[in-house]
Amino acid sequence: MSTALERPRNGKIIAGVCAALSARFGIPKFLVRLGFVIFGIVGIGELVYVALWIMIPKAPA
């Protein structure tokens, strides 16, 4: 756990939620994205992603 939880301005695909979680907890972005895809198939991944998109602030410029 090395950095604050904030969405990066680069290195993101959609909103930067997975990149933020990846940087915060020190795990590869691929695994975080794969987790959201798996949970999306189950039905809760999209809701969690949108909620985190709203709650996690953007990194300063």
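Above this text sits the structure in question.
Residues numbered from 1 in each chain as written. Predicted model: local features only at pLDDT ≥ 70, side-chain atom pairs only at ≥ 80, totals over all residues. Heavy atoms only, no water.

## Considering the nonpolar core
In terms of nonpolar packing, the biggest core is built from 10 residues, these being Ala15, Val17, Cys18, Ala20, Leu21, Val32, Phe36, Tyr49, Leu52 and Ile56. Where this core is concerned, the elements lending two or more residues are α1 (17-25), α2 (29-42) and α3 (45-55). Top contributing element to this core by residue count: α1, with 4 residues. Apart from the residues lying within four places of it in its own chain, the contact partners of Val32 are Cys18, Leu21, Ser22 and Ile27. (Core = buried A, V, L, I, M, F, W, Y, C linked by side-chain atoms within 4.5 Å. Buried < 20%, exposed > 50% of the residue type's maximum accessible area, 1.4 Å probe, protein only. Helix = DSSP H or I, 4+ residues; strand = E, 2+ residues; numbered from the N terminus. Contact = heavy atoms within 4.5 Å.)

## Side note on the side chain of Arg7
Mapped onto the fold, Arg7 is located in the segment before α1. Although Arg7 is buried, it forms no salt bridge, and the closest oppositely charged side chain is Glu6 at an N-O distance of 9.6 Å. In contact with Arg7, other than residues within four places in its own chain, are Ala15, Gly16, Val17, Ala20, Trp53, Ile56, Pro57, Lys58 and Ala59. (Lys, Arg positive; Asp, Glu negative; His and termini not counted. Salt bridge = Lys/Arg side-chain N within 4 Å of Asp/Glu carboxyl O.)

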